[in-house]
Amino acid sequence: MNDVLKAIFERNSCRDFSGEPLTDEQVDLLVKSALASPSAMNAMPWHIIAVTDKAMLDEMDAYMYKHIEDTNPDWYNRMKERGGKIFYNAPCLILIAKNDSDWATLDAGIVSQNVALAAHSLGLGNVICGMARLAFEGAKGGEWAKRLQIPEGYTFGMSVCVGKANKGKDPHELNHDKVTYIK
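The model shown is predicted, which means the values in this text are computed figures rather than measured ones.

**A word on the overall build of the protein**
Next, step 1: The secondary structure content of the protein amounts to six helices and four strands.
Next, step 2: Beginning at the N terminus, the succession of helices and strands in the protein can be written as α-α-β-α-α-β-α-β-α-β.
Next, step 3: A globule of 183 residues ought to have a C-alpha radius of gyration of about 16 Å, and the protein, at 17 Å, matches this closely.
Next, step 4: Here the protein holds 183 residues, and the buried ones make up 40% of them.
Next, step 5: Pairs at least 24 residues apart make up 83% of the contacts formed inside the protein by residues separated by at least 6 positions.
Next, step 6: Only carbon and sulfur atoms are counted for the fraction: they give 52% of the accessible area of the protein, which is about 10,700 Å².
Next, step 7: Side chains of the protein carry 20 positive and 24 negative charges; the gap between the two charge centres is 4 Å.

Below you can see the structure in the form of structure tokens.
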């Protein structure tokens, strides 16, 4: 099996990071993998923000966790069972901001998959994290967009938490009931 297929089949969603910082080289490779993503008509409707400021990540995490507590008890209880951290103590967040073009949401998803597979290939745990959008809701939503330097005309698209995993986990099983072959 080639390396790309191996990474696809072995990658899993990590929800327990050691918190150990990534090297500048690792962050640079994650950013380059994001920038190498294909996009409709090569429009690149994204802006990549690599956040490694641990204090900012923790503050953002606490804000989102409180927002969940106030608005969605089911999510809050689920996150509480997982340790009360939305970013799971990841030392790096690759945030993908998107513009409002027709294909931007799809393209942001492609970027997140590139980052997740690149992280896995570097031996790093990762989880694609749509819940990071919660930082941009509520009273401080605009403040977070400003602090994270999201460009004018861009909004949250997707994010990927990356770091050293505390423990391994099996990837999810393939569900062939979700496939139809037409020959």
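**With respect to the environment of V162**
Next, step 1: Structurally, V162 can be placed in strand β4 (residues 155–163).
Next, step 2: Look at V162 and you get buried, because its relative accessible area is 0%.
Next, step 3: On a C-alpha basis, the gap between V162 and L22 in space is 8.5 Å, while along the polypeptide they are 140 residues apart.
Next, step 4: Discounting chain neighbours no more than four positions away, the residues touching V162 are F17, L22, L30, A90, P91, C92, V115, A119, L124, G125 and N126.

**Description of helix α3 (residues 54–71)**
Next, step 1: For α3, built from 18 residues, the straight-helix expectation of 26 Å at 1.5 Å per residue is met to within 8% by its first-to-last C-alpha distance of 26 Å.
Next, step 2: Of all the positions in α3, only M56, L57, M60, D61, Y63, M64, Y65, H67 and I68 are classed as buried.
Next, step 3: Here the buried face of α3 lies against β1 (46–51), α4 (73–81), β2 (92–98) and α6 (141–147).

**Quick look at the packing of aromatic side chains**
Next, step 1: Throughout the structure, instances matching the rule amount to three aromatic pairs.
Next, step 2: Ring centres of Y65 and Y76 lie 5.0 Å apart, and the angle between their planes is 35 degrees; this geometry places the pair in the tilted category. Note that Y65 is positioned in helix α3 and Y76 in helix α4, a separation of 11 residues in sequence. You'll find Y65 and Y76 in the same group, each marked buried.

**Examining the sheet that holds β2**
Next, step 1: Ordered in space as β1-β2-β4-β3, the four strands form an open sheet in which the pairing is antiparallel. The open sheet terminates on both sides in strands that have one partner only, identified here as β1 and β3 (125–128). With strand direction ignored, the average angle separating the axes of adjacent strands in the sheet is 20 degrees.
Next, step 2: Both β2 and β4 contribute to a ladder of seven bridges, which runs antiparallel. Across the sheet, L93 pairs through a bridge with C161, a residue of β4.
Next, step 3: Here helix α2 (residues 24–35) sits on the sheet in contact with β1, β2 and β4, set at roughly 165 degrees to β1.

Cut-offs applied
- Residues numbered from 1 in each chain as written.
- Predicted model: local features only at pLDDT ≥ 70, side-chain atom pairs only at ≥ 80, totals over all residues.
- Heavy atoms only, no water.
- Helix = DSSP H or I, 4+ residues; strand = E, 2+ residues; numbered from the N terminus.
- Rg over C-alpha atoms; globule rule 2.2 N^0.38 Å.
- Buried < 20%, exposed > 50% of the residue type's maximum accessible area, 1.4 Å probe, protein only.
- Contact = heavy atoms within 4.5 Å.
- Areas by Shrake-Rupley, 256 points an atom, 1.4 Å probe, with all protein chains shown as cover.
- Lys, Arg positive; Asp, Glu negative; His and termini not counted.
- Charge placed at Lys NZ, Arg CZ, Asp CG, Glu CD.
- Expected span 1.5 Å × (residues − 1).
- Phe/Tyr/Trp six-rings, centres within 6.5 Å; stacked < 30°, edge-to-face > 60°.
- Pairing = 2+ DSSP bridges.
- Axes fitted to C-alpha atoms, helices over the stretch in contact; angles between N-to-C directions.

Geometry only, nothing functional implied.
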